[in-house]
Number of protein chains: 2
Amino acid sequence: MTPTGDGRTTGDRLTIRDVAHDAQVSVATVSRVLAGSASVSPALVERVRESVRRLGYTPHSVARSLASGRTRLVGALVPNLANHYFYALIKRMLHDAERDGYRLIVADSDENVVAERELGVNLLHQTDGLILCSPRARVGVLRQLLDHGKPVLVLNRLVDSLPVSQVVVESYPAMRQLATYVADLGHRRVAYLHGPARSWHSRERWRAVRLLTRRGVDITEIRVGATMDAGHRAVPQILRSDATAVLAYNDLAAIGVVVGLTERGIRVPQEVSVTGFDDIPHSRFVTPPLTTVRSPQEEVGSVAWKVMSGQLHGDSPGTRTVLAAEPVIRNSTAAPPENSR
Amino acid sequence: MTPTGDGRTTGDRLTIRDVAHDAQVSVATVSRVLAGSASVSPALVERVRESVRRLGYTPHSVARSLASGRTRLVGALVPNLANHYFYALIKRMLHDAERDGYRLIVADSDENVVAERELGVNLLHQTDGLILCSPRARVGVLRQLLDHGKPVLVLNRLVDSLPVSQVVVESYPAMRQLATYVADLGHRRVAYLHGPARSWHSRERWRAVRLLTRRGVDITEIRVGATMDAGHRAVPQILRSDATAVLAYNDLAAIGVVVGLTERGIRVPQEVSVTGFDDIPHSRFVTPPLTTVRSPQEEVGSVAWKVMSGQLHGDSPGTRTVLAAEPVIRNSTAAPPENSR
DNA sequence: GTGAAAGCGCTAACAG
DNA sequence: CTGTTAGCGCTTTCAC
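Note that this is a predicted model, so its numbers are computed, not measured.

1. Some points on helix α7 (residues 139-146) of chain A
All names here are of chain A.
Right, on to step 1. Within α7, the full set of buried residues consists of Val141, Leu142, Leu145 and Leu146. Seen along its axis, α7 keeps its buried residues to an arc of 150°; they face one direction.
Right, on to step 2. Its buried side turned inward, α7 meets α6 (113-126), β3 (129-133) and β4 (152-155).

As structure tokens, then:
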């Protein structure tokens, strides 16, 4: 009944036991060397390293996860990967996580609240933590996610009532500045294009724009969304409103508007001013270049990973990081035409 | 020395044994029910299901992976996530994989060949398969990846010498049609803007454009890349070449060119025609809308997943799917100005 | 500083 | 059809 044991596992995959056998040490020692543990004599460390190299051994990550209880995987859930807004964000987190030995499982809820919940729960089950980008779910759902006891991070949405770490770009002040700028140019009839219904940012931006009424500006609200197509389709309604300036929820919608106006021979900004939000790369490559708000997505990504990483290492949750956005004045805005002042 | 055993594991996580105990069956039966195995009596199936539901049990995916040898994870490696080209692709694969119970680990090599190799190897170690999107690596490296014995799929690059499954959109015929169309409009001096150095598509497209010389068209080659910025920066060189038509490697570069020309007061297409490739959403929202080639990325994504899925279930590798692209004529192309014919 | 051994939670023979 | 049991490959006490 003694083990069969020469230590060499049959089959094709090299295990830690093969290395142990080759280096004439125990598997525990190999494991320690691989983990970079200090309490191994330099001589053994070298011997193990040499065996690992010569044999071409690679640890089996799943076995490692099962034994250690950590997967070194983090979920990243976005409402819509096709939205330019998430590029820089995901990309930056991908690289930072990679650097720290973590990998991201990306999922896309397609703006579907039910899918968001399901995906969130499932992701959390197979990862060490979850990053929710602009989640649309109700607070109750977010709370459930927290109950799993794993680190959860919410990006670009402020949830006051929850002990969850959050990283957000503050829309309100920048949008307020932008709106003020437009009013100062002399515009008195403005159209605001709302973003996705459940978007926190959309509510924040609207909250800022609404203040213009205090200055006697007339605001027409139009439900549009976050795509170029939607912006483009909104043009007739914009024209009907007789607005001389259009404040869009984001750059995408703004681009759709600019193109739609241009197609109809309406000059931007001479006849109608248009502003966006986010400062996506395309906003500089519209004619005319878009007046917008720079939202530091890269920074959100890098802070987000830093916070998540800290939490994975035991930091307590609930930190809140607020980053500022700032208006970028380009050429899609100008004073309204003389006859409409 | 008998097991301590009331079956209830201590600690907070519910295991399959808790369910087995609750339903008064063996763990094997629970496992079978969870796997949807046919050979369990309906009565037990129901009892187990009920216990699972009541207890709120969820299988531990890592343990499952270790025991079964399958992770239900697939790697997806792209050269640059910030390139619009990969949106539809990744997004579609994400959803199709999700539907089949798989999850994607997305990685971005940042157009770095070394990183690509590293990431590829690492991903393959922790997943059941790997999808390489437009890989830039040398054939030798791809072969190494295949040697791991796991399914590997190459997208948007044809590698003749390798027994690896491939899904590609054929650039050559469509680019040839587009080039012919431009020549037929009467253009005799054309500039071609090359894409990323190691891109297979870039070589294919150039191979097609080059044929114009046979028709006596004068071609100026300019190394540009795949971004709007790069296209924009290339404008002075384009003007120096005195070309009346610009064929860009992709839409992004083309957009940069259109904007750059417009800024200098050069009218597109009256004075200079410009074409792109890919038909990204933005190409319809440029002024003027871009003449380009529709590359069916969504279809690539869905076929890609189908092939990967088949391979995961034992299909033999080496299939090759070629999808067609087709020119989309919009308004950025026209006959050259009279005086330059 | 090092090794032996007990699991991590599940699947998959194998026996009945 | 159902149960028993031996691992999957690694980490991590616990002794020495």
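Continuing now.
2. Overview of the interface of chain A and chain B
Right, on to step 1. On the chain B side, the residues contacting the 45 residues of chain A number 45 residues.
Right, on to step 2. The three residues of chain A that bury the most area against chain B are A:Tyr87, A:Arg103 and A:Phe285, which together make up 18% of that side's buried surface.
Right, on to step 3. Applying the counting criterion to the chain A and chain B interface returns six salt bridges.
Right, on to step 4. Residue A:Asp229 is joined to B:Arg284 by a salt bridge in which the shortest nitrogen-to-oxygen separation is 3.6 Å.
Right, on to step 5. Of all the secondary structure elements, the ones that give two or more residues to the side of chain A that touches chain B are α4 (61-68), α5 (87-99), β2 (103-108), α6, α10 (228-233) and α12 (251-263) of chain A.
Right, on to step 6. Each residue belonging to the side of chain A that touches chain B can be placed in one class, and the counts come to 21 nonpolar, 16 polar and eight charged.

3. A look at the packing of helix α1 (residues 16-23) of chain A against helix α2 (residues 27-35) of chain A
Residue and element names in this part refer to chain A.
Right, on to step 1. At a minimum axis distance of 8 Å, the contact between α1 and α2 shows a crossing angle of 105°. Judged by the angle between their axes, α1 and α2 are roughly perpendicular. Residues Ile16, Arg17, Val19 and Ala20 of α1 pack against Val27, Val30 and Ser31 of α2.
Right, on to step 2. Taken together, the residues of the contact of α1 with α2 sort by class into five nonpolar, one polar and one charged.

4. Observations concerning the domain arrangement of chain A
Right, on to step 1. Domain assignment breaks chain A into domain 1 (16-59), domain 2 (68-169 + 297-323) and domain 3 (172-295 + 327-340).
Right, on to step 2. Relative to domain 2 of chain A, the C-alpha centre of domain 1 of chain A lies at a distance of 36 Å.

5. Examining the pairing of strand β4 (residues 152-155) of chain B
All names here are of chain B.
Right, on to step 1. Burial along β4 is two-sided: Val152 and Val154 facing one way and Leu153 and Leu155 facing the other are all buried.
Right, on to step 2. Two strands pair when backbone bridges link them, and strand β3 (residues 129-133) and β4 are joined in this way by four bridges, in the parallel orientation. In the sheet register, Leu130 faces β4, and the bridge partner there is Val152.
Right, on to step 3. A crossover links β3 with its parallel partner β4, the connecting element being helix α7 (residues 139-146), and its sense is right-handed.
Right, on to step 4. Here three bridges tie β4 to strand β5 (residues 165-170), and the two strands are oriented parallel to one another. Directly across from Leu155, in β5, lies its bridge partner Val167.

Calculation rules
Residues numbered from 1 in each chain as written. Chains lettered and ligands numbered in written order. Predicted model: local features only at pLDDT ≥ 70, side-chain atom pairs only at ≥ 80, totals over all residues. Heavy atoms only, no water. Buried < 20%, exposed > 50% of the residue type's maximum accessible area, 1.4 Å probe, protein only. Helix = DSSP H or I, 4+ residues; strand = E, 2+ residues; numbered from the N terminus. Arc of directions from axis to C-beta. Contact = heavy atoms within 4.5 Å. Buried area = accessible area lost by both parts, 1.4 Å probe. Salt bridge = Lys/Arg side-chain N within 4 Å of Asp/Glu carboxyl O. Nonpolar A, V, L, I, M, F, W, Y, C, P; charged D, E, K, R; others polar. Axes fitted to C-alpha atoms, helices over the stretch in contact; angles between N-to-C directions. Parallel < 35°, antiparallel > 145°, perpendicular 65-115°, else oblique. Domains from an automatic or database assignment. Pairing = 2+ DSSP bridges. Right-handed = clockwise from strand over helix to strand, strands pointing away.

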